[in-house]
Amino acid sequence: MRKGLLIVISGASGTGKGTVCKKLLAELPEVVYSISATTRKPRPGEVNGKEYYFLSVDEFKTWIAEEKFLEYAEVYGNFYGTPLNKIEERLNRGDDMLLEIDVQGALKVKKKCPDGIYIFLLPPSLEELKNRIEGRGTENPESLSRRLKNAVAEIKIGLEYDYVVVNDTIDNAAAQIKAILTAERLKVARNADKFDFKGGF
Ligand code: ADP
Ligand code: 5GP
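## A closer look at the site of ligand 1
Then, number 1: The environment of ligand 1 is made up of 14 residues, and the closest members are Gly 14, Lys 17, Gly 18, Thr 19 and Arg 136.
Then, number 2: At 2.9 Å, a backbone N or O of Gly 18 approaches an oxygen atom of ligand 1.
Then, number 3: Within the side chain of Arg 136, a nitrogen or oxygen atom sits 2.8 Å from an oxygen atom of ligand 1.
Then, number 4: Protein chains bury 74% of the 560 Å² of accessible surface belonging to ligand 1 in isolation.
Then, number 5: More than half of the atoms belonging to ligand 1 lie within 2 Å of the grid points that define the largest pocket.
Then, number 6: Elements supplying a minimum of two residues to the shell around ligand 1: α1 (17-27) and α5 (126-136).
Then, number 7: With three residues, α1 is the largest single contributor of residues to the shell around ligand 1.
Then, number 8: Here the shell around ligand 1 is built from residues that sort into two nonpolar, eight polar and four charged.

Right under this line is the structure:
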């Protein structure tokens, strides 16, 4: 059976990662979203166990001590982490796993899982990034300015990824990511079994 793809998507806050991932998940039933844990407070409409597992700092530290994370990082003053549970099992079952995580976490995963697919999402411009994050209306002034200040440094780390996609329109970005996944699924290294014609004529 084909092993699932480990797909990692990062990009500066407000680029549109969540929006583009939602579209991909709606269109690609074989892709499973990895629900992260965080100590950040839920935004209006966010549901525990859907967008994130919302934990207290103490609970998060217990998960760290119990080695429940594939990776975790402090991002904009809160902890975020990828729960290890079932990722390997699901990949072996053939599910593709989609991790939407920050650059620090992604680089840690890249070391552990070099056959993952590392995609960096860029905004069309910094001005548009600012418009999007302001337009989302979820950040207080302090969090907004922290996210914008970090954006340029985060974007530079994108040079260490495998693929870059500009989120100009949601449709274009999703189509380009689908093209990446199609090409990755066709790699010889992922299809060695297809070359075995059981002894030939
Ligand atoms: P992120 O998950 O990267 O922080 P979001 O998915 O929350 O970003 O998107 C930030 C804001 O930008 C949201 O209000 C979203 O509706 C909007 N947005 C996302 N992608 C686009 C796009 N291609 N064009 C215009 N607005 C977008
Ligand atoms: P937000 O607070 O906007 O939901 O997310 C803030 C940042 O944390 C984003 O860059 C997002 O990709 C990142 N993030 C979300 N989940 C994880 C995770 O499990 N691990 C790491 N390292 N970063 C995460």
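## Section: the environment of Pro 83
Then, number 1: Position of Pro 83 among the secondary structure elements: in strand β6 (residues 78-83).
Then, number 2: By relative accessible area, Pro 83 is classed as buried at 6%.
Then, number 3: Linking Pro 83 and Ser 34, residues 49 residues apart in sequence, is a C-alpha distance of 7.9 Å.
Then, number 4: In this structure, Pro 83 is in contact with Ile 35, Ser 36, Ala 37, Tyr 53, Trp 63, Lys 68, Phe 69 and Leu 70, ignoring residues within four places of it in sequence.

Scoring rules and cut-offs
- Residues numbered from 1 in each chain as written.
- Chains lettered and ligands numbered in written order.
- Predicted model: local features only at pLDDT ≥ 70, side-chain atom pairs only at ≥ 80, totals over all residues.
- Heavy atoms only, no water.
- Near = heavy atom within 4 Å.
- Polar contact = N/O pair within 3.5 Å; in protein donor to acceptor, adjacent residues only side chain to side chain.
- Areas by Shrake-Rupley, 256 points an atom, 1.4 Å probe, with all protein chains shown as cover.
- 1 Å grid on protein atoms, 1.4 Å probe; cavity = no way out; pocket = protein on both sides within 12 Å on 5 of 7 lines; lining within 4 Å.
- Sits in = over half its atoms within 2 Å of the grid points.
- Helix = DSSP H or I, 4+ residues; strand = E, 2+ residues; numbered from the N terminus.
- Nonpolar A, V, L, I, M, F, W, Y, C, P; charged D, E, K, R; others polar.
- Buried < 20%, exposed > 50% of the residue type's maximum accessible area, 1.4 Å probe, protein only.
- Contact = heavy atoms within 4.5 Å.

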